[in-house]
Amino acid sequence: MADEALFQFLHHEVIQYVNAAENGETENGRCITKLESMGFRVGQGLIERFTKDTPRFKDELDVMKFICKDFWTSVFKKQIDNLRTNHQGIYVLQDNKFRLLTQLSAGKQYLEHAPKYLAFTCGLVRGGLSNLGVKSVVTAEVSAMPACKFQVMIQKM
């Protein structure tokens, strides 16, 4: 439990630091981009460590199952609540109680701040997928906190 609290505190402080460095409403996009790129690099490193002794994946659905079960459990101490796909390269990962949003209000009061708290995780997933050979675009949406959905669009090469 202590490591979970430390991770949440570190995540919050990184957001505050990047936000203060970018300074202002007009720089919100730059702040989100910086957080996403930080997450991308961390995701690359984590997936390397987690898949060291894992056999190769058969297809992209197996990769997404690994992300939802093993990767998500290692980082957030729980599995994704729901994985959906249209079998055409779009996956939706739903977390009904996302740990990095639970400290914010459960209502819509802080909804406009949610993208900053999700950008790092979008990068984390994109970086992990990138190191597994899957080029993707990851976006997140929140309609009611602390639930969120991550949409992964696979880029065909």
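Looking at an unreviewed UniProt entry, the protein carries the name Trafficking protein particle complex subunit 6B, with the source organism given as Chanos chanos. UniProt, in its Function (unreviewed entry) section for the protein, records the words "Component of a transport protein particle (TRAPP) complex that may function in specific stages of inter-organelle traffic. Specifically involved in the early development of neural circuitry, likely by controlling the frequency and amplitude of intracellular calcium transients implicated in the regulation of neuron differentiation and survival."

**A few points about the overall build of the protein**
When its secondary structure is counted, the protein shows four helices and four strands. Its helices and strands in sequence order give the protein the pattern α-α-α-β-β-α-β-β, from N to C terminus. Taking 2.2 N^0.38 as the reference for a compact globule, 157 residues should give roughly 15 Å; the C-alpha atoms of the protein span a radius of gyration of 15 Å, in line with that estimate. For the C-alpha atoms alone, the extent of the protein along its principal axes is close to 45 × 35 × 25 Å. A fraction of 60% describes how many contacts in the protein between residues 6 or more apart in sequence connect residues 24 or more apart. Of the roughly 9200 Å² that the protein leaves accessible, carbon and sulfur atoms contribute 52%.

**Concerning the pairing of strand β2 (residues 90-95)**
Where strand β1 (residues 82-85) meets β2, four bridges bridge the pair, whose relative direction is antiparallel. Note on β2: the bridge partner recorded for Leu-83 is Leu-93. Counting the residues in the hairpin turn of β1 and β2 gives four residues, including His-87, whose phi is positive at 60°. Of the strand pairs in this sheet, β2 and strand β4 (residues 148-154) are connected by six bridges, and their pairing is antiparallel. Its bridge partner lying in β4, Ile-90 is registered against Met-153.

**As for the sheet that holds β1**
The strand order β1-β2-β4-β3 describes an open sheet built from four strands, whose pairing is antiparallel. Every interior strand has two partners, whereas the edge strands, β1 and β3 (136-141), have only one. Neighbour-to-neighbour, the strand axes of the sheet open up by a mean angle of 20°, direction not taken into account. Here β3 pairs with β4 via six bridges, running antiparallel. Note that in β4 the partner of Val-137 across the bridge is Met-153. Those strands touched by helix α3 (residues 60-76) are β1, β2 and β4, and its axis lies near 15° from that of β2. The strands touched by helix α4 (residues 114-131) are β3 and β4; relative to β3, the strand with the most contacts, the crossing angle is about 155°.

So, how was this worked out
Residues numbered from 1 in each chain as written. Predicted model: local features only at pLDDT ≥ 70, side-chain atom pairs only at ≥ 80, totals over all residues. Heavy atoms only, no water. UniProt positions renumbered as here; feature names shortened; annotations may be inferred. Helix = DSSP H or I, 4+ residues; strand = E, 2+ residues; numbered from the N terminus. Rg over C-alpha atoms; globule rule 2.2 N^0.38 Å. Contact = heavy atoms within 4.5 Å. Areas by Shrake-Rupley, 256 points an atom, 1.4 Å probe, with all protein chains shown as cover. Pairing = 2+ DSSP bridges. Axes fitted to C-alpha atoms, helices over the stretch in contact; angles between N-to-C directions.

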